[in-house]
Amino acid sequence: MIKIAQAALAVEKEPLLHPFGFKGGSLSELWQTVVGLQSESGHTAIGLGIQSVLWSDPGVFFSAAEQTGNEHMLAITHHALAQTRGAAFSTPLELSHSLRASALAYGREVTGRAELRETFALNALVPLDHAAWLLYARETGREHYDAMLPETYRELLSYRNAELGLTPVVGYGQSLDEIRGLLDQGYFVLKIKIGSDPDKDGDPDKMLAWDMQRLTEIHALAAERTTLYTDSGRVLYYLDANGRYDTMDRLLRFLDHADSIGALARIVLLEEPFPEENKTPVHAAPVRVTADESVHGVEDALERIALGYRAITLKPIAKTLSVALEVAQAALTRGVPCLCADLTVNPWMLDWNKNLAARLAPLPGLKVGILESNGHQNYAHWERMQGYHPEGWAPWTQSAGGVYTLGDDFYARSGGSFGRSPHYEAVLAEVWS
């Protein structure tokens, strides 16, 4: 058993280059949480998290100021950290299970929202979970990603991608010139945010019209582009509705439009079309629908699979590695493919995400695995943050032609995930108690 003797929490606020729009709103900054854990045996580990209030619960985001929502999420992390002091665990999965219900209950209390989404609490637990996995690795002498994984998950995650396609995000406010620039750089899967509220009046028909026009414009730019990384040889679209559609009829109207302009066959994924509470089956959708925010654990994953969802999006950097592993096992053992998506994470957390993405087989229609990453597009100080990564300038951290080339060194060094960051250690040095 690993007993936690000390725990500490700090936060850094990172501004964005421009408002980042999705889910009908936009972010101006992202709070980076830094958790330190020390065991009774003297081992220490630092874990990171990125708070995304708009992604994890739009109700919180729109009900208060952006800073207030961040303060509420940070309060949940504080609460969970207080519970870990003096606690003992045999694996991080065990610690994770012991904290989830309490974190959600406390989150509902502190926000005053009885309907607070579980994703909000999981987002708050990420830095603690990250630190727990690294502490576990140091305590057990397993400072390599494959060795750190419990044996039951290793065979499921035994694929080794030599390359990973970097999937950039196309937000509401991105200009056509900027999108053309992404295509010129060689990106072959575009993650396109749909579900915009152009007049901020909640009119679903206006949203649908905006989405149709947006897809038409993007497809006109990408239609004739070619790539070596897809089965069709064409650029593909990964559409992210973030739960903005209300009915299957409206969704099918959008997809009928995609078909009419020749874009339907390009849609490799359509993510989270409906709000979490909307349990409409999606079997009728002529594209592969994937679940993201609506999956907080194994039960949710199985429910979505039964509703016709044919892929699951994993987010160890947004809903904890512990949840991601359990969900991956439930999906992959049932023949449902998984992928890793981003939360506009910092460079070190990007490689934490990359470790899992690299071990997942490519989605149907793709010749390589993919990983969404949009931090380089959105942070005002991305290059400075790259220096916080213990191996921030290693070859695998840089993409070229829309691809990360991993190589043996990436796997041998676990993407730098077990290194020490002087920057984050200095941040915590002032708050250790």
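Structure: see above.
Residues numbered from 1 in each chain as written. Predicted model: local features only at pLDDT ≥ 70, side-chain atom pairs only at ≥ 80, totals over all residues. Heavy atoms only, no water.

**A closer look at the overall build of the protein**
What counts, and what does not: Under the DSSP-based scheme used, a helix requires at least four consecutive residues in state H or I and a strand at least two consecutive residues in state E, with every element numbered from the N terminus. Radius of gyration here uses only the C-alpha atoms, and the compact-globule reference equals 2.2 Å multiplied by the residue count raised to the power 0.38. Residue burial is assigned from relative accessible area. The probe radius is 1.4 Å, only protein chains are included, and a residue is buried under 20% of its type maximum, exposed over 50%, and partly exposed in between. Think of it this way: Lys and Arg go in the positive column, Asp and Glu in the negative one, and His and the chain ends go nowhere. Charge placement uses NZ in Lys and CZ in Arg. For Asp and Glu, CG and CD serve respectively.
Of the regular secondary structure elements, the protein holds 17 helices and 15 strands. Expected size for 433 residues packed as a compact globule is a radius of gyration near 22 Å; at 20 Å, the protein falls within 12% of this value. Taken along its principal axes, the extent of the C-alpha atoms in the protein is 65 × 50 × 40 Å. Buried residues in the protein amount to 60% of all 433 residues. Distance between charge centres in the protein, computed from 37 positive and 54 negative side chains, equals 2 Å.

**Points about the sheet that holds strand 2 (residues 25–39)**
Spelled out, the test is: Pairs of strands are assigned from DSSP output, requiring at least two bridges between the strands. Only heavy atoms matter for contacts: two residues are in contact if any of them lie within 4.5 Å across the pair. Helix axes are fitted only over the stretch in contact, all axes being lines through C-alpha atoms; the angle between N-to-C directions runs from 0 to 180 degrees.
Judged by pairing direction, the sheet is antiparallel, and its four strands sit side by side in the order 3-2-1-4 without closing on themselves. In the strand order of this sheet, the two ends are held by strand 3 (44–51) and strand 4 (88–89), each with one partner. Helix 17 (residues 422–429) rests against strand 1 (2–22), strand 2 and strand 3 of the sheet, and its axis sits at about 115° to strand 1.

**Some details on the environment of alanine 265**
Within the fold, alanine 265 resides in the loop between helix 10 (248–260) and strand 9 (267–271). Exposure remark for alanine 265: the relative accessible area of 75% places this residue in the exposed category. On a C-alpha basis, the gap between alanine 265 and tyrosine 237 in space is 9.2 Å, while along the polypeptide they are 28 residues apart.

**Observations concerning the layout of surface pockets**
Think of a ball as big as a water molecule: rolled over the atoms, this probe shows where empty space is left. To keep it simple, the criterion reads: Computed over the protein atoms alone on a 1 Å grid, cavities are sets of points where a 1.4 Å probe fits but cannot get out and pockets are open sets with protein on both sides within 12 Å along at least five of seven lines; a residue lines them when it has an atom within 4 Å of a point. Grid points are joined across faces, edges and corners, and a volume is the space filled by probe spheres set on the points. All amino acids are sorted into three groups, where Ala, Val, Leu, Ile, Met, Phe, Trp, Tyr, Cys and Pro are nonpolar, Asp, Glu, Lys and Arg are charged, and the leftover types, Gly among them, are polar.
Within this model, the largest pocket holds a volume of roughly 440 Å³. In this structure, the largest pocket is lined by 21 residues; those nearest its centre are Pro58, Arg117, Pro275, Glu276 and Glu277. Here the lining of the largest pocket is composed, by residue class, of seven nonpolar, three polar and eleven charged. A volume near 220 Å³ is recorded for the second largest pocket. What lines the second largest pocket is His18, Pro19, Phe20, Gly21, Val169, Gly171, Tyr172, Gly173, Gln174, Glu178, Gln377 and Asn378. Counting residues per element, the ones that place at least two in the lining of the second largest pocket are strand 1 and helix 14 (375–378). Broken down by element, the residue count for the lining of the second largest pocket peaks at four residues, all from strand 1.

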